[in-house]
Amino acid sequence: MPFSCLDAFLDARLDAGLADLPVLITPAGEWSVADIRAAGTADALQAAIGYGAVAVRLADPLKLALALITLDGQVKRLLLLSSDMSDAEARDLLSQFGGDALLTDMPSEGGHDRPEVVWRETPKPGEGTGVPVTSRIPTEWIFATSGTTGTPKLVAHSLASLTRTTKLFAGASRRWGQMYNIARFAGIQVFLQGLTGGSLLLPAPDAGLPEQLAFLASKGCTALSATPTLWRKILMTPGHEVLPLTQVTLGGEIADGAILSALVRTYPAGRVVHIYASTEAGTAFSVRDGRPGFPVSYLQDAPSGVRLKVVDGRLFVRTRHARATYLNRQEAFADADGFVDTGDRVEIDGDRCLFLGRENGAINVGGNKVYPEEVEHVLLAHPAVNLARVSARKSPITGQLVVAEVVAMPGVDAGALPVALKTWCADRLPHWKRPAMIRVVAQLAASAGGKVDRTQT
């Protein structure tokens, strides 16, 4: 997209005759282009603009949205830190970033070697004078990786790479619900699509899932993106059925046939789309045919100029021509041809390329590799199971054993379920992949990114 910064998108909305269409919708009110520009005159934002490289860690999603729109094009580098990460993790990432200041609305524990700009006031629509933007510079956007393979690292993007697959004003009346934290890579994709293609609905950050869904339904949410794990929780929450969705998006985890079919049944007017993306590679491709995995034809001719290849059972993706090393590190995440090793194991089955699981998450059972995701998908295919988490337990004989925790559907006999599931798995998995123990639990924790939390065992 030929735009230098987010503020230029606001100009485009005005040029398209969308001045009356709200950009941001919160429980406290709606924000027009004029309101957003007026909010940019807040003392904290104007102070942050005075620095060249700014880290942003804001717990209030409205403040975060306003800060990104205001700072992009005004500062050289912008680091997004999620409010739900630990303070120790944030300090480590700030050290990697080496920026000039931190913009935050959170209590400080100290330990920072840079100035803090604290945004205390609660912004309201209509406040401020709205100083016109007179100069714009390219801003480098910095994101933290998920940290699933160790200490999180920093990856640089440009606005062009972030909006590579974003459709400008693709259905201006579409209202996107923001379920991800905007500071995370999955969250920024929803944020940008809402900003450029309709309106963005921001639920209250401290609201529970029932309250969030009620807010989204009351504001006419038509597009929603979430992980398969979060979608399973949504489908178990009263009120989900009244969402008037025409766009249903999944990402962040493997989308198995059970959740895809459930979403098609629940939202028959919705287009169900599975997005494949990573912090390093950016948004790679999407699948719209309602089937798990992606067509084998993508390996020869992937959409949107993306190139894919499989090497030793691992998927490699090339999407962009930009820095191929982590920020302030010599460690490269792409090969000489620009392909990023996703770390995802895949196998070709007929006309389909199916995801097996993360290479670094494999369980070693007597020398046999077991991917937790593969066993989880078998468990989730049972009609009595809503959520599942598979992990490893040490064994003096085989090295590791496969164990599972499941959340049962309402009304299911939890006492009888483990025996039924062991029989179910015996008919569908070789013996080394079968869970040695299955435990029924009331709930399963999700990570800050909405994925199955494999650290909580």
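These notes cover the structure that comes with them. (Residues numbered from 1 in each chain as written. Predicted model: local features only at pLDDT ≥ 70, side-chain atom pairs only at ≥ 80, totals over all residues. Heavy atoms only, no water.)

## Brief notes about the overall build of the protein chain
Thinking step 1. Along the backbone of the protein chain there are 12 helices and 24 strands.
Thinking step 2. The globule rule puts the C-alpha radius of gyration for 457 residues at 23 Å, and the 23 Å found for the protein chain is close to it.
Thinking step 3. When its C-alpha atoms are laid out on the principal axes, the protein chain stretches across 65 × 50 × 45 Å.
Thinking step 4. Here the protein chain holds 457 residues, and the buried ones make up 52% of them.
Thinking step 5. Long-range contacts, defined as pairs at least 24 residues apart, comprise 64% of the intrachain contacts of the protein chain with a sequence gap of at least 6. (Helix = DSSP H or I, 4+ residues; strand = E, 2+ residues; numbered from the N terminus. Rg over C-alpha atoms; globule rule 2.2 N^0.38 Å. Buried < 20%, exposed > 50% of the residue type's maximum accessible area, 1.4 Å probe, protein only. Contact = heavy atoms within 4.5 Å.)

## Here we look at the sheet that holds strand β8 (residues 154-157)
Two modes of strand pairing occur in sheets, parallel and antiparallel, and in both the strands are linked by backbone hydrogen bonds.
Thinking step 1. Read across the sheet, 6 strands follow the order β6-β5-β3-β4-β7-β8 without closing on themselves; strand pairing throughout is mixed. The open sheet has two free edges, formed respectively by β6 (116-118) and β8, since each of these has just one partner strand. Across this sheet, the average inter-strand angle for adjacent strands is 25°, counted without regard to direction.
Thinking step 2. The pairing of strand β4 (residues 77-80) with strand β7 (residues 140-144) spans 3 bridges and is classified as parallel. The residue of β7 that forms the bridge with Leu-79 is Ile-142.
Thinking step 3. Helix α5 (residues 87-97) contacts β3 (53-57), β4, β5 (101-104), β7 and β8 of the sheet and is inclined by roughly 165° relative to β3. (Pairing = 2+ DSSP bridges. Axes fitted to C-alpha atoms, helices over the stretch in contact; angles between N-to-C directions.)

## Comments concerning the nonpolar core
Thinking step 1. Counting residues in hydrophobic clusters, the biggest one holds 46 residues, and the most contacted among them are Leu-6, Leu-24, Leu-68, Leu-103, Trp-141, Ile-188 and Phe-191.
Thinking step 2. It is helix α4 (residues 61-71) that provides the largest number of residues to this core, a total of 8 residues.
Thinking step 3. When near neighbours in sequence (up to four residues on either side) are disregarded, Leu-68 contacts Leu-6, Leu-78, Leu-80, Trp-141, Ile-182, Ile-188 and Phe-191.
Thinking step 4. Core analysis: the second largest hydrophobic core is formed by 25 residues, Leu-209, Leu-224, Ala-262 and Val-272 among them. (Core = buried A, V, L, I, M, F, W, Y, C linked by side-chain atoms within 4.5 Å.)

## Quick notes on the pairing of strand β19 (residues 352-358)
Thinking step 1. The element β19 is largely enclosed, with a buried count of 5 among its 7 residues.
Thinking step 2. As paired elements, strand β15 (residues 294-295) and β19 share 2 bridges and run antiparallel to each other. Opposite Phe-294, over in β19, you have Cys-353 as the bridge partner.
Thinking step 3. Count of turn residues in the strand β18 (residues 340-349)/β19 antiparallel hairpin: 2 residues, of which Gly-350 carries a positive phi of about 65°.

## Topic: unusual backbone geometry
Thinking step 1. The backbone of Asp-312 sits at a positive phi, close to 50°, despite the residue not being glycine.
Thinking step 2. On the secondary structure map, Asp-312 appears in the loop between β16 (307-311) and β17 (314-318).

## Section: the environment of Asp-84
Thinking step 1. Tracing the chain through its elements places Asp-84 in the loop between β4 and α5.
Thinking step 2. The exposure class assigned to Asp-84 is partly exposed, which follows from its relative accessible area of 40%.
Thinking step 3. For the pair Asp-84 and Thr-166, spaced 82 residues apart in the sequence, the C-alpha separation amounts to 26 Å.
Thinking step 4. With sequence-adjacent residues up to four places away left out, Asp-84 is seen in contact with Asn-181, Arg-184 and Ala-448.
Thinking step 5. Here the side chain of Asp-84 touches Arg-184 through a polar contact of 2.7 Å, side chain to side chain. (Polar contact = N/O pair within 3.5 Å; in protein donor to acceptor, adjacent residues only side chain to side chain.)

## Some points on the pattern of salt bridges
Thinking step 1. Counted under the stated rule, the structure contains 18 salt bridges.
Thinking step 2. For Glu-405, the salt bridge goes to Arg-389, with nearest N and O atoms at 2.7 Å. You can see Glu-405 sitting in strand β23 (residues 399-408) and its partner Arg-389 sitting in strand β22 (residues 385-395), a full 16 residues away along the chain. Taken individually, Glu-405 and Arg-389 each receive the classification buried, so the pair is uniform in this respect. (Salt bridge = Lys/Arg side-chain N within 4 Å of Asp/Glu carboxyl O.)

## What to know about the sheet that holds strand β14 (residues 282-287)
Thinking step 1. Taking strand neighbours across the sheet as the criterion, the 8 strands line up as β2-β1-β10-β9-β11-β12-β13-β14 in an open arrangement whose pairing is mixed. Every interior strand has two partners, whereas the edge strands, β2 (29-31) and β14, have only one. With strand direction ignored, the average angle separating the axes of adjacent strands in the sheet is 25°.
Thinking step 2. Pairing of strand β12 (residues 247-250) with strand β13 (residues 271-278) involves 4 bridges; the strand directions are parallel. Among the inter-strand pairings, Val-248 is bridged to a residue of β13, identified as Val-272.
Thinking step 3. Contacting β12 and β13, helix α10 (residues 257-266) runs over the sheet at an angle of about 165° to β12.

## Let's talk about the pairing of strand β24 (residues 437-440)
Thinking step 1. Here 4 bridges tie β23 to β24, and the two strands are oriented parallel to one another. Bridge pairing in β24 places Ala-404 opposite Ile-438.
Thinking step 2. Between the parallel pair β23 and β24, the chain is carried across by helix α12 (residues 417-426), and the sense of this crossover is right-handed. (Right-handed = clockwise from strand over helix to strand, strands pointing away.)

## As for the packing of aromatic side chains
Thinking step 1. Summed over all chains, the structure comprises 10 aromatic pairs.
Thinking step 2. Plain terms: the ring middles of Tyr-276 and Phe-355 are 5.3 Å apart, the flat faces sit at 10° to each other, and that makes the pair stacked. Of this pair, Tyr-276 sits in strand β13 while Phe-355 sits in strand β19, and the two are 79 residues apart along the sequence. Here Tyr-276 and Phe-355 have matching classes, each one buried.
Thinking step 3. Among the aromatic side chains, those forming a connected cluster through ring pairs are Tyr-276, Phe-285, Phe-294, Tyr-298 and Phe-355. (Phe/Tyr/Trp six-rings, centres within 6.5 Å; stacked < 30°, edge-to-face > 60°.)

## Topic: helix α8 (residues 209-218)
Thinking step 1. The complete set of buried residues in α8 reads Leu-209, Gln-212, Leu-213, Phe-215 and Leu-216. Down the axis of α8, the smallest arc covering the buried residues is 160°, so these residues share one side.
Thinking step 2. Structurally, α8 contributes buried residues whose contacts are with β1 (24-26), β9 (175-177), β10 (199-201), β11 (223-226) and α9 (228-235).
Thinking step 3. Remark: Gly-220 follows α8 within two positions and exhibits a positive phi of approximately 70°. (Arc of directions from axis to C-beta.)

Don't take any of this as a statement about function, it's just geometry.
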